[in-house]
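Reading the structure
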Amino acid sequence: MSFLRIEGGRNLSGRVSIAGAKNATLPILASGLLSGGLLRLENVPRLEDTAAMAGALRAVGASIEEVLPNVLEMRMEQPPRPLQEGEESLARNIRTGVLFLGPMLSRFGWAQACLPGGCRIGARPLDLHIWGLSKLGATIHIGEKHIEARGRLQGCDLRLPFPSVGASENLLMAAASARGTTRLRGVAREPEVVDLCRCLRAMGARLEGEGSAEIVVEGSDGEPLEGASHRLLPDRIETGSYALAVAATGGSLLLCDTPPRCDLAVFFEHLQRCGVAVEEEQEEGQQRGLRITREGGFSAVSLTTAPHPGFPTDLQAQFTAAMCFADATSDPVVVTESVFENRFMHLQELQRMGAAVTLEGCRAHLSPQGGLTGADVTASDLRASFSLVIAGLAARGTTTISALHHLDRGYERLEAKISSCGAQIERMPSAAPSRRRAKPSIAALSARPSEKKPGEHPWLPAC
Ligand code: EPZ
């Protein structure tokens, strides 16, 4: 198993080009099931998750080709075929295979999806997806490995009890070719949902309200949508991840081809309160850029994650890691995770590097000490992996990070991008040496998923 080795303690400088958004790419690939024509997607990030999604779509009969670097062309001209024995693994490691249900059912009256994989950051039930599709008229069967749905969809009014990103995307795509009007209230407002709506509109879908809490869709009554060309929006989570890397190490990075600053308004407001400068920089003829600079003091601030436009849960782990490098004179801070019930698995790895952090329920209590010491750590999920990269870049000495398959799901050309900023990072081909100290006393740290039945959630009534 390969691992990363990082020699920490160097300031970052230079420029990083931001790729297309993974969390827009996956639902928009699924939306191609609605189209009877050619869907051309540009600025597609080359990631494990993109490849997995493309493989799963091919398994149901779609044709997908990378016609140019980061440009995919997709067609779905025939009704979908059932997954063959053994093909389930194609989507096993991603959660977004479940996003086939809405578009496939809406256009063909039948749909099948693998039970999801993805990061272990909580129970991640599908009750809101199933509830909404049932309200639209679907009959749903959940088997050992698959979910199967049948029925002609009839638009209706739906109110989501929580702005689930995936459920919002699934139901929007289901409504796009349903019969009649669907009014979706309490819908997610994430920029990736907005980008999906832009792509659906380019395919001829009739919808309005994206970015607000209510979207109204006029269905095409089973007619396929048209072909279209769409450029994926830049990845705001990659943007925030690199901004936190330079915040932790110190230095100045120009992030190029970034999303609109407003897509990360709350995140940047937290970063500026830490003493980090965030300035728009428009090079002539170049795409939009943001210069992130941290040269003086680095203060620690508390945060609470929330659905958009709140602080993104996908930047919580990276922010927590960066806080370990805040000035030791900073007051202790509290990081509250309100979206997922098990998204602190990076804490015990940060503790191996010397972090003074404890966990009580969904709150991590952290006392900044002005730095950490390199260690051998193991990634646990996609965003936790990048938090360990940040810690390794800023720590004293050498850090190795194993279980890199998590990282490769969501960050394109990571080593190349970070090396170009002056860091010493390399991917080693064999098992990481083990300097691992005895497991830290993590009784207070182990964030066990709360004991609850699928569908129940701290804030969600069972739907
Ligand atoms: C999307 O996941 C993203 N993934 C996640 O990014 C992101 O963290 C999340 O939205 C929140 O912003 C993609 O877009 C591919 P949710 P999703 O449905 O759709 C509960 C990354 O690192 N819930 O908004 O799965 C759920 O358990 C990934 O890039 C239900 O209870 O997130 C969670 O606690 C990680 N029932 C909360 O809602 C449901 O039916 C938010 O989940 C669905 C969700």
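Residues numbered from 1 in each chain as written. Predicted model: local features only at pLDDT ≥ 70, side-chain atom pairs only at ≥ 80, totals over all residues. Heavy atoms only, no water.

Okay, the overall build of the chain next. Broken down by element type, the chain carries 14 helices and 23 strands. Within the span of the chain, comprising 463 residues, buried residues form 58% of the whole. The contacts in the chain between residues at least 6 apart in sequence include a share of 76% that link residues at least 24 apart. Carbon and sulfur atoms form 50% of the exposed surface of the chain, whose accessible area is close to 17400 Å². (Helix = DSSP H or I, 4+ residues; strand = E, 2+ residues; numbered from the N terminus. Buried < 20%, exposed > 50% of the residue type's maximum accessible area, 1.4 Å probe, protein only. Contact = heavy atoms within 4.5 Å. Areas by Shrake-Rupley, 256 points an atom, 1.4 Å probe, with all protein chains shown as cover.)

Turning to the nonpolar core, a few remarks are in order. One finds Leu33, Leu41, Leu57, Phe100 and Leu200 to be the most contacted residues of the largest nonpolar core, which totals 73 residues. Broken down by element, this core gets its largest block of residues, 7 residues, from helix H6 (residues 165-176). Those residues in contact with leucine 41, other than ones at most four positions away along the chain, are Ile28, Leu29, Asn70, Val71, Leu72, Cys199, His230 and Leu232. (Core = buried A, V, L, I, M, F, W, Y, C linked by side-chain atoms within 4.5 Å.)

Attention shifts here to the packing of aromatic side chains. According to the stated counting rule, one finds 6 aromatic pairs in the structure shown. Both rings, one in phenylalanine 311 and one in phenylalanine 319, keep their centres 5.4 Å apart while their planes meet at 90 degrees; by these two values the pair is edge-to-face. With respect to class, phenylalanine 311 is no different from phenylalanine 319; both count as buried. Seen from their ring centres, phenylalanine 386 and tyrosine 411 are 4.5 Å apart, and the 35 degrees between their planes marks the pair as tilted. Here tyrosine 411 lies in the loop between helix H13 (405-408) and helix H14 (414-419) and phenylalanine 386 lies in helix H12 (residues 382-394), a separation of 25 residues in the sequence. Overall, phenylalanine 386 belongs to the buried group, its relative accessible area being 0%. Tyrosine 411 gets classed as buried once you look at its relative accessible area, which sits at 3%. Connected via pairs of aromatic rings, a cluster forms that spans Phe267, Phe268, Phe311 and Phe319. (Phe/Tyr/Trp six-rings, centres within 6.5 Å; stacked < 30°, edge-to-face > 60°.)

Once that is clear, we can look at the confidence of the model for the chain. Per-residue confidence for the chain averages 90 on the pLDDT scale, and 88% of its residues sit at or above 70. Residue range residues 441-463 is modelled with pLDDT below 50. Its contacts to residues more than four positions away, or to other chains, number 41 contacts. (pLDDT = per-residue confidence, 0-100.)

What the largest pocket holds in volume is close to 280 Å³. What lines the largest pocket is a set of 17 residues, among which Leu233, Pro234, Thr258, Pro259 and Pro260 lie closest to the centre. With 3 residues, helix H7 (residues 191-202) is the single largest residue contributor to the lining of the largest pocket. Of the residues belonging to the lining of the largest pocket, the class tally is 9 nonpolar, 3 polar and 5 charged. (1 Å grid on protein atoms, 1.4 Å probe; cavity = no way out; pocket = protein on both sides within 12 Å on 5 of 7 lines; lining within 4 Å. Points joined across faces, edges and corners; volume = space filled by probe spheres on them. Nonpolar A, V, L, I, M, F, W, Y, C, P; charged D, E, K, R; others polar.)

With that out of the way, let us pick up the sheet that holds strand E18 (residues 333-336). Spatial ordering of the open sheet is given by E17-E18-E20-E19, a layout of 4 strands whose pairing is mixed. Here the strands that pair on one side only, and so sit at the sheet edges, are strand E17 (303-304) and strand E19 (357-360). Pairing geometry for E18 and strand E20 (residues 363-366), over 4 bridges, is antiparallel. From the neighbouring strand, valine 333 faces E20, where its bridge partner is leucine 366. (Pairing = 2+ DSSP bridges.)

The next thing to look at is the packing of helix H5 (residues 127-135) against H6. Two elements in contact, H5 and H6, have axes separated by 9 Å at closest approach and are oriented at 20 degrees. As the angle between them shows, H5 and H6 are arranged roughly parallel. Handedness of the crossing formed by H5 with H6: right-handed. Within the contact between the two elements, H5 uses Leu128, His129, Gly132 and Leu133 and H6 uses Gly166, Ala167, Asn170, Leu171 and Ala174. Looking at the contact of H5 with H6 residue by residue, the classes come out as 5 nonpolar, 4 polar and no charged. (Axes fitted to C-alpha atoms, helices over the stretch in contact; angles between N-to-C directions. Parallel < 35°, antiparallel > 145°, perpendicular 65-115°, else oblique. Left-handed = near helix turned anticlockwise from the far one by under 90°.)

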